[in-house]
Amino acid sequence: MASQKPQRTPEEIEDIILRKIFLVALKENPSSSDPRVVYLEMTAAEILSEGKNLLLSRDLMERVLIDRLSGEFPNSEPSFDYLIGCYKRAHEEIKKISNMKDKTLRSEMESAAKQAKKLAVSYARIHLGNPDLFSNGELRDNKPKVRPSGSSNSPLFPLLFAELSNGVMLDGFGGNDFGRGVDCPPGFFEEFFKDSDFDTLDPILKGLYEDLRGSVLKVSVLGNFQQPLRALSYLVKLPVGAKSLVNHPWWIPKGVYLNGRVIEMTSILGPFFHVSALPDHTIFKSQPDVGQQCFSDASTRRAADLLSSFTTIKTLMNTLYNDLADVLLCLLRNAETRDSVLEYLAEVINKNASRAHIQVDPISCASSGMFVNLSAVMLRLAEPFLDANLSKIDKIDPTYVFNSNRLDLRGLTALHATSEEVAEWIDKVNPVKIDGSGLSCDGENRLRQMQDASSSGSTHNVKPTQSSGVKAKYTFICECFFITARVLNLGLLKAFSDFKHLVQDISRSEDALASLKAMQEQTPSPQLELDISRLEKEIELYTQEKFCYEAQILRDGVLIQRALSFYRLMVVWLVGLVGGFKMPLPSTCPMEFASMPEHFVEDAMELLIFASRIPKALDGVILDDFMNFIIMFMASPQFIKNPYLRAKMVEVLNCWMPRRSGSSATSTLFEGHQLSLEYLVRNLLKLYVDIEFTGSHTQFYDKFNIRHNIAELLEYLWQVPSHRNAWKQIAKEEEKGVYLNFLNFLINDSIYLLDESLNKILELKELEAEMSNTAEWERRPAQERQERTRLFHSQENIIRIDMKLANEDVSMLAFTSEQITAPFLLPEMVERVANMLNYFLLQLVGPQRKSLTLKDPEKYEFRPKELLKQIVRIYVHLARGDSKNIFPTAISSDGRSYNEQLFSAAADVLRRIGEDGRIIQDFIELGTKAKAAASEAMDAEAALGDIPDEFLDPIQYTLMKDPVILPSSRITIDRPVIQRHLLSDGTDPFNRSHLTAEMLIPDTELKARIEEFVRSQELKKHGEGLNMQSSKGTIQPTSGEMLID
């Protein structure tokens, strides 16, 4: 019978387990099969000298571990790898120990193995925090098995990725690089960050954050950003990790050269926010190149391929947005780190304020990618207070604009108030009393009152405070609201602007390319070939950038809708500052409203315009509040000073017209909206007048584009019965007010645009004649031919635009005059209207009409037949409404353009083009009346004889009928003449001093003398029995000097 093996004692079992874990031996064993086992000869000698057995126990294991780490042994693995190995082996031994049948022994051995495991973690922390403590600082030489591009110093770096990724591929392009080939033992990080003080972990975490930052530096959305971002998210969820991050010197970098780009590239979070699909300056370009990889040669790609790229980028960007939002939210929920996050966001905004400029310096400002990402993240953080009922709106305090210690809002252009007015108002409502300590005596009370008012919802009655030494405290909702508004202005809205300019650049380049190719066909040259090649490459790059914007922004419907929800809150909150959605507005603008940054409203309008042009972007969006806001403020310069901002509101409405928007969301805004029915037409007419004087050096040209939008909207509203009735009522109520001004400017524009267009047509025909003479044209130098060709295309564009606008204005005169005639026939207006119509008639049927023939008139929006029909209809409409028979006299008194033969010539043309017979008949009758009026006028003029100069109007040199004295210059002038002048210019024409119709002084004495003179002359001529014969001239050719007034 075989002898039994001697049973091992618990001490011997413990020795075996611990030696396996720590790979050490206290007894020399040359036959050991594991080359990693280290014989600790000196340690063994010391133990023996102490009279102890050479068995490794819990009491000895820390001493053994220190000796193992401190000694230099051939072929031994680096200290950190060794400690990780100890942890793994301890973990494995614990699993084996769990199978022991002896409960007491199992408990003892588990305790020993767990202690060894804990010891390995503890010394791993010590080793990482003090890299020079063991093995002569080998930590910095210990590189991870797979180094990513960029610097990685901490051995924890690859372990962290291995722990978080669990072998899953996190991105579709860059691959799971960082944790590949590394195995993180289960539970290591949980043990590593547990039961340790901040001072021990802080330097380790700081190193990790630096490595994470470096791992995403210049990485695009197609690169591997997800692993580092997941690691960052893991670390900030640890209280110690969050605290360490916001205390890192690179949390908010400092330095005299700090700017927006420096923060983006050097702060810990900056490179994470830089990850994007949007293009950036070459120096900071990220890889892989999104445009090159996804959108090169886009014109030849299948639509399905492009759609796949769009979807991939959108998905990856939303992953980035969500993870970044989680990181910030985690830090914001922590009371110790919340302020640091707000400080970081404020610093990023303040240092990038110049991103709002038209031209942005990419070296000193952060990228568009960073700010679009930040926009998406802030909208996610704002989501809890963007509910449909806007239930948290009372938490937004307007005094934040004046008192914020973080955001610099005071330097922004306000809706109406100047910075001096704001400062004066603050001083007036809050006189500051300072005690000896330098603190405001009532500062605390005032701040408390302010917060009470804010929380109760009465924000429009809150007065700003300005107290030395007292910091205003605001709710997170309030801070988040203003930070989001600033980020969107510098981010998403700036990106919209950049995209619009990019599209314009592509259009210009394509036009230039077409011109160059046309020239190359006519006169080939090597230089032209080079220019064509350069432009084609330029267009390719522009197109790639355009698709990048489309992928990240335009295709992200959720991002657009979140932004719309935010700006709905914005406009409702702003309206609350003036008393809510009700008309009319207060007589004076509250300073709280007047002091708000102008871009709050401008951004809302820009977003609405942009979203309106994206299919289905407005579906499900509540637009009523936006509509109310626009109607309330678009014609209120005393609330919103900038006329271009008010004009932008009309552009929004223009996008919403049912025939243009294609969205069900806009269909009821015009026809079933109460404020719209009451005020929309009135305010559009008022804005049409106000926009004449914008204060800009380009105001003359700007007004045409703005009025084009208003005209399109008014034409649509005229077709809606309720709005047409409102229009007619306004014309009746404001016959001598805003409606008369509107009519005056409409006529001014019509004359200028049509006259400009017709003159340009003559110039264009001259250029056409030059170019058609091939022999002469070819003899000219190439540069001259190119310049003349460019001029030709430029003239074509000008004619097309001016003629389109002129057609709109004449069309509006035609359809409104059918039902509204009284304002046209007022004394100060009737001659102006008649002169305009006569001038248009002369151009269309007079002697020079043949010189206006074009090969392709439709190309230039020039439709002479339709234009003539509309002009004649205006004549007829006014004649039908002329109960006092003053219109024929006004027509015949026009000494520049009137000729009786024009009426018969026009009638002949109308018959040929199929105009309504009744219109032609009425028009002929009007011509007959005008002829009779001309004859009567000649008789009257002959009867008067020589008129004394004092009876003549100083501007028109016609006999005055209602003389008035101008209060400043004391000059006497005929009332209709000066009233006509005041419609366009509110100044005395003789000294430019301010003048209104109410300031005119009737000259009753002179009027009586004029009337007496007329009576005496009539009696004199009648007594002499003179017969005056009227003579009519024939049509005379006209020159270009036909522009009236």
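Residues numbered from 1 in each chain as written. Predicted model: local features only at pLDDT ≥ 70, side-chain atom pairs only at ≥ 80, totals over all residues. Heavy atoms only, no water.

- You'll find the chain entered in an unreviewed UniProt entry as RING-type E3 ubiquitin transferase, with Hibiscus syriacus given as the organism.
- In the Sequence similarities (unreviewed entry) part of its UniProt record, the chain is described as follows: "Belongs to the ubiquitin conjugation factor E4 family."
- Turning to the chain, the UniProt record has this under Pathway (unreviewed entry): "Protein modification; protein ubiquitination." (UniProt positions renumbered as here; feature names shortened; annotations may be inferred.)

1. Quick notes on the overall build of the chain
Point 1. Each helix and strand counted, the chain has 41 helices and 5 strands in total.
Point 2. Here the chain holds 1045 residues, and 51% of them are scored as buried.
Point 3. Sequence-distant contacts, at least 24 apart, represent 76% of the contacts inside the chain between residues at least 6 apart.
Point 4. Taken as a whole, the chain presents about 48000 Å² of accessible surface, with 50% of it coming from carbon and sulfur. (Helix = DSSP H or I, 4+ residues; strand = E, 2+ residues; numbered from the N terminus. Buried < 20%, exposed > 50% of the residue type's maximum accessible area, 1.4 Å probe, protein only. Contact = heavy atoms within 4.5 Å. Areas by Shrake-Rupley, 256 points an atom, 1.4 Å probe, with all protein chains shown as cover.)

2. Some details on the UniProt feature "coiled-coil region" (unreviewed entry) in the chain
Point 1. Look at the UniProt record and you will see "coiled-coil region" (unreviewed entry) annotated at residues 525–552.
Point 2. What you have in residues 525–552 is 96% helix and 0% strand, and the ends, taken at the C-alpha atoms, are 41 Å apart.

3. What to know about the packing of helix H20 (residues 476–490) against helix H23 (residues 557–576)
Point 1. Look at H20 against H23: their axes get within 11 Å of each other, and the N-to-C directions meet at 120°. Between H20 and H23 lies a crossing whose hand is left-handed. The residues of H23 that touch H20, namely those facing Phe481, Phe482, Thr484, Ala485, Leu488 and Asn489, are Phe566, Tyr567, Leu569, Met570 and Trp573.
Point 2. A per-class count over the contact of H20 with H23 returns 9 nonpolar, 2 polar and no charged. (Axes fitted to C-alpha atoms, helices over the stretch in contact; angles between N-to-C directions. Left-handed = near helix turned anticlockwise from the far one by under 90°. Nonpolar A, V, L, I, M, F, W, Y, C, P; charged D, E, K, R; others polar.)

4. A few points about the packing of aromatic side chains
Point 1. Per the stated rule, a full pass over the model turns up 41 aromatic pairs.
Point 2. For the pair Phe157 and Phe161, a centre-to-centre distance of 4.7 Å together with 80° between the ring planes defines the contact as edge-to-face. Within this pair, Phe157 and its partner Phe161 are both found in helix H6 (residues 156–165), separated by 4 residues, close to a single helical turn. Neither residue differs from the other here; Phe157 and Phe161 are each classed as buried.
Point 3. A ring pair is formed by Tyr739 and Phe742, whose centres lie 5.4 Å apart and whose planes are at 55°; its orientation type is tilted. Placement of both Tyr739 and Phe742 in helix H32 (residues 738–772) is noted, with a separation of 3 residues, approximately one turn of the helix. When sorted by exposure, Tyr739 lands in the same class as Phe742, which is buried.
Point 4. Cation over ring: Arg68 sits above Tyr82, and NZ or CZ is 4.0 Å from the ring centre.
Point 5. Above the ring of Phe192, the side-chain terminus of Arg125 is found at 5.9 Å from the ring centroid. (Phe/Tyr/Trp six-rings, centres within 6.5 Å; stacked < 30°, edge-to-face > 60°. Lys NZ or Arg CZ within 6 Å of the ring centre and 35° of its normal.)

5. Details of the environment of Ile94
Point 1. Take Ile94: it is sitting in helix H4 (residues 79–97).
Point 2. A relative accessible area of 16% places Ile94 in the buried class.
Point 3. With 15 residues separating them in the primary sequence, Ile94 and Met109 have C-alpha atoms 8.1 Å apart.
Point 4. Sequence-distant contacts of Ile94, that is, excluding residues within four places in its chain, are made with Ala113, Lys114 and Lys117.

6. Here's the deal with H23
An α-helical segment advances 3.6 residues per turn. Residues three or four places apart therefore align on the same side.
Point 1. For H23, with 20 residues, the first-to-last C-alpha span of 29 Å sits near the 28 Å given by 1.5 Å per residue.
Point 2. Of all 20 residues making up H23, 15 are buried, and the element is well covered by its neighbours. (Expected span 1.5 Å × (residues − 1).)

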